[in-house]
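For reference, the chains in residue letters:
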Number of protein chains: 2
Amino acid sequence: MSVPHEKPARSWSRRKQARPGEILDAALTVFAEKGFAAARMEDIAARAGVTKGTIYLYFPSKEEVFKSLARKHVGDTLVNAAEQARQYEGSVREFLTILLTVVGNKIQHGEVAVLPKIIIAESGNFPELARFWRTEVIDKALGMLTGVIAKGIERGEVRQVPAEYVARLCVAPVVMSIIWRTVIAPTDAVPFDYQKFLSLHLDVLLKGLEPEGRKP
Amino acid sequence: MSVPHEKPARSWSRRKQARPGEILDAALTVFAEKGFAAARMEDIAARAGVTKGTIYLYFPSKEEVFKSLARKHVGDTLVNAAEQARQYEGSVREFLTILLTVVGNKIQHGEVAVLPKIIIAESGNFPELARFWRTEVIDKALGMLTGVIAKGIERGEVRQVPAEYVARLCVAPVVMSIIWRTVIAPTDAVPFDYQKFLSLHLDVLLKGLEPEGRKP
DNA sequence: CTTTAATAACTGACCAGTCAGTTATCAAGT
DNA sequence: ACTTGATAACTGACTGGTCAGTTATTAAAG
């Protein structure tokens, strides 16, 4: 037999700038699917269009790839939003409507929705990482929401309730939606409209938080 | 130096009946902590007070240990409750109060709270298992709640809302609590009272679901 | 003494990390 | 332009350690 076809394949090109990002994007997918331990460096490499050795030109170890990945998406949408929210003066209803619409969109279409799953899965193996996320993302998000709700209480827009707990009530359906999309939806569950779910959530929540002597 | 101390090693005893349960209990802890891939059979064995080989007398493989574990706790509290709930005739408020109290207790103290975390983490590696849980636990629980709420709507106790979505609103804070306990709480987050949280949830939810023309 | 639960030493597969060699790219020299 | 030599990005075969699963052996129990 003759050689079937000489592979021409300008095999690879140098792309020093782009590599780290591409590798992390690939890692996001593979870690989300397999978890840390079961993810093979060769899988990540293949998905990034390189070979295993290349990863080690940019990252010292598998663990460091994982940690870089988990840190990469911190401070993006959410944390900046927290700053803007601090001196927001509109109503609680308005604020949460905007917030949940944006978040709902990200859940339905965004790539980042898999990150919480990764953190949940590996919190046992990487306690420092879980703590990092708690302080950098969760505490900040809850702090922001607590502030908004507390302001709503002062203003008489919201009845007397413990604001820190209501903040968690706010995000619970968001967490639920993320898990649904990343864990349940792939098992061919009946279709689920996240936008509709979150807007119902907001409707019920705000009605449930109205003061007794309600405005006409 | 002399040999420090001959390990007396009250060697072992035969306990055919008890072993499988003990092994699964050990596996629950180790899988919850490390995830499937990173959990070592020797860790599970040690925690169960046996050696690795013993596990293979009772289970054919690591995967089968994991699956047995995941199946073991299905049909316990929740699913039986679903049957009883079907012909429950009390109010929605009463029903949910009882349910969330029981569930809240399990979350705060129960061993089983780590299972959802395991399922979430390994859904990518064991799609069949994720589907099994979805059909056997999630669909049934949501079905039960949807039924209760639909009945509440008919009865005029609850305003006109899509019952399947409200069912998810019901459980979202439960999911949130489970994740909080198994993922966030170990990072020394500020103490969190699950009972209080869930009762606030119920309070806000029911108020949010009241019909417009409310009873005096 | 026979049966069998349980052990502990062993094997083989798999994979993170390494490194000697290959190839794209660029710049200096003609 | 058009070599050619230097540099560094990239490759892929290899290694060393780890761990799931096996098996020869030991000892509890009747």
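What counts as what
- Residues numbered from 1 in each chain as written.
- Chains lettered and ligands numbered in written order.
- Predicted model: local features only at pLDDT ≥ 70, side-chain atom pairs only at ≥ 80, totals over all residues.
- Heavy atoms only, no water.
- Axes fitted to C-alpha atoms, helices over the stretch in contact; angles between N-to-C directions.
- Helix = DSSP H or I, 4+ residues; strand = E, 2+ residues; numbered from the N terminus.
- Parallel < 35°, antiparallel > 145°, perpendicular 65-115°, else oblique.
- Left-handed = near helix turned anticlockwise from the far one by under 90°.
- Contact = heavy atoms within 4.5 Å.
- Nonpolar A, V, L, I, M, F, W, Y, C, P; charged D, E, K, R; others polar.
- Domains from an automatic or database assignment.
- Buried area = accessible area lost by both parts, 1.4 Å probe.
- Salt bridge = Lys/Arg side-chain N within 4 Å of Asp/Glu carboxyl O.
- Near = heavy atom within 4 Å.
- Polar contact = N/O pair within 3.5 Å; in protein donor to acceptor, adjacent residues only side chain to side chain.

With that settled, consider the packing of helix H6 (residues 92–109) of chain B against helix H10 (residues 194–209) of chain B. Residues and elements named next belong to chain B. In contact at an axis separation of 9 Å, H6 and H10 are set at 155° when each is read in the N-to-C sense. As judged from the angle between their axes, H6 and H10 are roughly antiparallel. Considering the relative orientation of H6 and H10, their crossing is right-handed. For the pair formed by H6 and H10, the contact residues are Val-92, Arg-93, Leu-96, Thr-97, Leu-100, Thr-101, Gly-104, Asn-105, Ile-107 and Gln-108 on the first element and Tyr-194, Gln-195, Leu-198, His-201, Leu-202, Leu-205 and Leu-206 on the second. The residue inventory of the contact of H6 with H10, partitioned by class, reads nine nonpolar, seven polar and one charged.

All right, on to the domain arrangement of chain A then. All names here are of chain A. Domain assignment breaks chain A into domain 1 (1–60) and domain 2 (62–209). Opposite the 16 residues of domain 1 that make contact, domain 2 presents 15 residues. Both sides of the domain 1 and domain 2 interface together cover about 1500 Å² of buried area, and 76% of this is carbon and sulfur. Considering only the surface of domain 1 that becomes buried against domain 2, Leu-24, Leu-28 and Phe-36 emerge as the three largest contributors, covering 45% of it. The tally of links between domain 1 and domain 2 comes to one salt bridge.

On to the protein's contact with DNA strand C, then. Around DNA strand C, 23 residues are found, and the nearest of them are Lys-52 of chain A together with Arg-14, Arg-15, Thr-54 and Tyr-58 of chain B. Atoms of DNA strand C within 4 Å of the protein belong to the sugar or the phosphate in 68% of instances, the rest to bases. Lys-52 of chain A is positioned with one of its side-chain polar atoms (N or O) 2.6 Å from a base oxygen of DNA strand C. Contacts to DNA strand C include Arg-15 of chain B, whose backbone N or O atom sits 2.6 Å from a phosphate oxygen. Looking at the surface near DNA strand C, the elements that each hand over two or more residues are helix H3 (52–58) of chain A together with helix H3 (52–58) of chain B. For the surface near DNA strand C, the leading source of residues is H3 of chain B, giving four residues. Grouping the amino acids of the surface near DNA strand C by side-chain chemistry returns eight nonpolar, seven polar and eight charged.

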